[in-house]
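These are the residues of each chain, in order.
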Amino acid sequence: MKKNAHRSGLFAEWLARQYLYLHGYKILESRFVTGRHTGRAEIDIIARRGNTIVFIEVKKRPDAAVGLRAVTFGQGVRLRRAADTFLTRMRWTGNARFDIIIVSGLRIRWFKNSI
């Protein structure tokens, strides 16, 4: 990945965290990785609001349709495994869901229950 694309992605994740915070979410983890080289994935943001933990994939794309297509079936499987590890470590008994946030410039589109 090129340096500018990496920085752009980090900025998109930062923007998404601010957006979530403004909507009453507490950020628990950023860039959570477990089990490197074992088929696990990195979860961009893990947030909590009330009795729900939300695992969020952030994509910086020119529009929402392109961003949604960028989350593949295989990536979803890896994200679920990583989320399962996180929930097991926390001994979480509440609700959990997977969301996608697409950042296009400074515009944010939030798709709940989308993975």
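Residues numbered from 1 in each chain as written. Predicted model: local features only at pLDDT ≥ 70, side-chain atom pairs only at ≥ 80, totals over all residues. Heavy atoms only, no water.

**With respect to a nonpolar patch on the surface**
Inclusion rule: Exposure above 30% relative accessible area and the absence of a salt bridge qualify a residue for a patch, where like charges join within 9 Å and nonpolar side chains (Val, Leu, Ile, Met, Phe, Trp, Tyr) within 5 Å. Reported accessibility uses the Shrake-Rupley method at a 1.4 Å probe radius. Residues are deemed covered only where the shown protein chains occlude them. Salt bridges, as used here, are contacts in which a Lys or Arg side-chain nitrogen is within 4 Å of a carboxyl oxygen on Asp or Glu. Here a helix means four or more residues in a row that DSSP labels H or I, a strand means two or more in a row labelled E, and each is numbered from the N terminus.
Together, Phe-11, Trp-14 and Leu-106 make up an exposed nonpolar region whose accessible area comes to about 350 Å². With respect to the element layout, Leu-106 can be found in the loop between β4 (95-104) and β5 (107-111).

**Observations regarding the pattern of salt bridges**
Note the threshold: Exposure categories follow from relative accessible area, calculated using a 1.4 Å probe and restricted to protein chains: below 20% of the type maximum is buried, above 50% is exposed, and the middle band is partly exposed.
If you walk through the whole model with that rule in mind, you get four salt bridges. Across the pair Arg-31 and Glu-13 runs a salt bridge whose closest N-O atoms are separated by 3.4 Å. Highlighted residues: Arg-31 in strand β1 (residues 26-33) and Glu-13 in helix α1 (residues 3-22), separated in sequence by 18 residues. For Arg-31, a relative accessible area of 35% corresponds to the partly exposed category. Note on Glu-13: relative accessible area 7%, which makes it buried. For the salt bridge of Glu-42 with Arg-31, the shortest nitrogen-to-oxygen distance reads 3.4 Å. Placement of the pair is Glu-42 in strand β2 (residues 42-49) and Arg-31 in strand β1, with a sequence separation of eleven residues. Owing to a relative accessible area of 29%, Glu-42 belongs among the partly exposed residues under this scheme.

**A look at the sheet that holds β1**
Counted only if it meets this: Being paired, for any two strands, means DSSP has found at least two bridges between them. The angle between two axes is taken between their N-to-C directions and runs from 0 to 180 degrees, where each axis is a line fitted to C-alpha atoms and a helix contributes only its stretch in contact. A contact between two residues is defined here by any heavy atoms of the two lying within 4.5 Å.
The five strands lie next to each other as β1-β2-β3-β4-β5, forming an open sheet whose pairing is mixed. Looking along the sheet, the strands with just one partner apiece sit at the ends: β1 and β5. Neighbour to neighbour, the strand axes of the sheet diverge by 25° on average, direction disregarded. Bridge analysis of β1 against β2 gives six bridges, and the strand direction is antiparallel. Counterpart to Phe-32 in the pairing with β2 is Ile-43. Where helix α3 (residues 73-90) meets the sheet, its contacts fall on β1, β2, β3 (52-60) and β4, and the angle it forms with β3 comes to roughly 145°.

**With respect to the nonpolar core**
Heads up, the rule is: Here, the term nonpolar core denotes a set of buried Ala, Val, Leu, Ile, Met, Phe, Trp, Tyr and Cys residues that are joined through side-chain atoms within 4.5 Å.
In terms of nonpolar packing, the biggest core is built from 14 residues, with Leu-20, Tyr-25, Ile-45, Ile-56, Val-58, Ile-101 and Val-103 touching the most fellow members. No other element matches the four residues that α1 contributes to this core. In contact with Leu-20, other than residues within four places in its own chain, are Tyr-25, Ile-27, Ile-45, Ile-56, Ile-101 and Trp-110. One finds Ala-41, Ile-43, Leu-79 and Ala-82 within the second-largest nonpolar core, a separate group that totals 13 residues.

**Focus: unusual backbone geometry**
Even without glycine at this site, Arg-91 takes up a positive phi of about 55°. Turning to its location among the elements, Arg-91 is positioned in the loop between α3 and β4. Within the chain, Asn-113 stands out as a residue other than glycine whose phi angle is a positive 50°. Along the chain, Asn-113 turns up in the segment after β5. Here Asn-113 falls in the exposed class, since its relative accessible area comes to 59%.

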